[in-house]
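Fold and geometry: a report
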Amino acid sequence: MAFPSRKAAVVGVYLTEQGRGLPRTAWSLELEAIKGALDDAGLRPDQVDGLIPMAYVTPLNLHMAWTEQLGGKPITYLDVGSGAGAVAKAAAAIDAGLCKVCVIYFGNANNGNGPGAQKRHDKAPRVDDWDYMVHGAYMSVWYAMWTRAYMHQFNVRQEDLAEYSVIARYHATLNPASIMGKRGEITVDDVMNSRPIADPLHLLECPLDNDGGYAIVVAAEDIARDCKKKPIWVLGGAEATYTDSYRTITSPWISNEGAAVRRVGEMAFGNSGVTHDDIDVAGLYDCFPVTVARDLEELGFCKLGEGADYIKAGHLRLGGKMPSNTDGGLLSHSHNGNPSGMHTIEVVKQLRGECGERQVPDAKIGLTLAQGWAVHGLAGVAIMAAD
Amino acid sequence: MSEPYLRPLPAKSPGTEPFWEAAAEHRLVIPKCQNCGDWNWIPYPGCRTCLSEDQVWTPASGYGTLMTWSIVSRGPPGFPSPYVTALVELDERPRSMVMLGNIVDTPHEDLKVGMRMQVVFEDIADEDISIWRFKAA
Ligand SMILES: [Zn+2]
């Protein structure tokens, strides 16, 4: 059976304030985001019958609490996922009649991913036997090891990868809602001279670690046509995982066959009927520069080992071949704990023509990639169109 | 008095006792599948290759090659700065196993992709556990 292209659309998106130490709870940020995204669509909370939290623990408890918070009407589609993959699954569920209005959401408050957010103990805390925390690994350390392996395998210079940080910051300067935009543009030298975090990575190669919430509403075709804003149709997408969550990795780490991201890219291009050249604007998961290089390779925008060259050629910059992460991405806009839906929101805004100074002219078709968890371990793609 | 060890430590969950008992004797044991002969790291209920649950904690060589590493300047509370976190691919085959751990007793400037490494164990002071580390072989 073919993917149900144009049978569902993103009809509402909403970002709360993004920033460090917001005096909020995750729950209140989520409620604001859900209400905001429904209002953006012109829909009511009692119309929601599908829920996909960007969460990986006690998801059923979450669904049950939200059912009551949203008015007590039974939720008939319960899922978890990564932002872009969730959009694709929501569209498929809607086409199958499992729900009509599906909300994808996340909120984070005072619960960072970085070492600064971890508690100090007066006795060694006990964790899962094989937990990476025993060995002082955290997200930046994993990606530092990945960056080193990548540079070694493909003879790539760190300065070339650092070009991504420069592009992301430039885009952030055009996004008033971004956390880092007001600090102005940066150069490759600024990146390379910033504080070392986990060698070879410096501060300006690492993502932000802040609070914030967001929500995305996907609705059935008949509802979407009556919403407040023009529907952004879901053409295709997919979600995949291939390894456990930061406990083991495979060898080779970067292989010709690729893994989760390669798989979802092939599936999404296949089931949407869209080609690489059709993509006007993209949201590529960008927790570190190397992630973007690998995104481009695994999605087939360039060959293995050529991602840094693609970035350096300026293709991702506004005015380039495929402007990407025009909000400033996870390095310069916001990384709010689980930001896997953030890229989808920016691409939807681009396809609606709502991006002001950073608008990609005539953006009609957009691709969004969410990944993470064990370094490209979980991936989702959604391909969407303005009409 | 040395500083107390405040980094996270493994819980020694049920079923892992043979691993920690061997570690206390500074020996590395890893589940080996009695059906197909493959090694499985980290331990899972079944073999990754054939799904057999007939796995036996078996002594491994403790040698491997350095895949990648990071010298970490900004670590979580309890970690001395800088420290080195690394991935080492163990020699055992046919399925290869990549092990995460800290590198000790090896000058940072000597680290090279592909260099020979060996597993060593550190007895954690005032705790009932020994943790594996890597050092240059
Ligand atoms: Zn087996």
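It should be emphasised that the depicted structure is a prediction, and the values quoted were computed from it without experimental measurement. (Residues numbered from 1 in each chain as written. Chains lettered and ligands numbered in written order. Predicted model: local features only at pLDDT ≥ 70, side-chain atom pairs only at ≥ 80, totals over all residues. Heavy atoms only, no water.)

Let's shift gears to the UniProt feature "domain: Thiolase C-terminal" (unreviewed entry) in chain A. When the UniProt feature table is mapped to this numbering, "domain: Thiolase C-terminal" (unreviewed entry) covers residues 259-375 of chain A. Here residues 259-375 of chain A runs as 38% helix and 9% strand, with 11 Å between its end C-alpha atoms. (UniProt positions renumbered as here; feature names shortened; annotations may be inferred. Helix = DSSP H or I, 4+ residues; strand = E, 2+ residues; numbered from the N terminus.)

We now examine the coordination of the zinc ion. All names here are of chain B. Coordination sphere of the zinc ion, protein contribution only: Cys33 (SG), Cys36 (SG), Cys47 (SG) and Cys50 (SG), at 2.3 to 2.4 Å. Metal-centred angles of 98 to 119 degrees between the four donor atoms at the zinc ion mark the site as tetrahedral. Of note, the zinc ion draws all its donor residues from one chain, in the sequence arrangement C-x2-C-x10-C-x2-C. Taken together, the residues span a long stretch of sequence, with Cys36 in the loop between strand S2 (29-33) and strand S3 (55-59) and Cys47 in the loop between S2 and S3 at a distance of eleven residues. Here Cys47 falls in the buried class, since its relative accessible area comes to 0%. (Donors = N, O, S within 2.8 Å, 3.2 Å for Na, K, Ca; no water. Tetrahedral: all angles 85-135°; square planar, octahedral: opposite > 155°, others 65-115°. Buried < 20%, exposed > 50% of the residue type's maximum accessible area, 1.4 Å probe, protein only.)

Now for helix H3 (residues 83-95) of chain A. Residues and elements named next belong to chain A. Taking 1.5 Å as the rise per residue, H3 with 13 residues should run 18 Å; its terminal C-alpha atoms sit 19 Å apart, in good agreement. Among the 13 residues that make up H3, eleven are buried, leaving the element largely enclosed by the rest of the structure. Looking only at H3, the buried set comprises Gly83, Ala84, Gly85, Ala86, Val87, Ala88, Lys89, Ala90, Ala91, Ala93 and Ile94. Just downstream of H3, Gly97 is the residue with a positive phi angle, here 85 degrees. (Expected span 1.5 Å × (residues − 1).)

Residue Asp199 of chain A is joined to Pro200 of chain A through a cis peptide bond whose omega torsion reads 10 degrees. Relative to the assigned elements, Pro200 of chain A resides in the loop between strand S6 (196-199) and strand S7 (201-202). Here Arg93 of chain B and Pro94 of chain B are connected by a cis peptide whose omega angle stands at 10 degrees. When you line up the elements, Pro94 of chain B lands in the loop between strand S5 (83-90) and strand S6 (98-103). Residues other than glycine seldom take positive phi values, yet Arg6 of chain A does so here, at roughly 65 degrees. Phi is positive for Asp126 of chain B, which is not a glycine, with a value near 60 degrees. Topologically, Asp126 of chain B is positioned in the loop between strand S7 (116-123) and strand S8 (130-136). Accessibility expressed as a relative area gives 76% for Asp126 of chain B, which makes it exposed.

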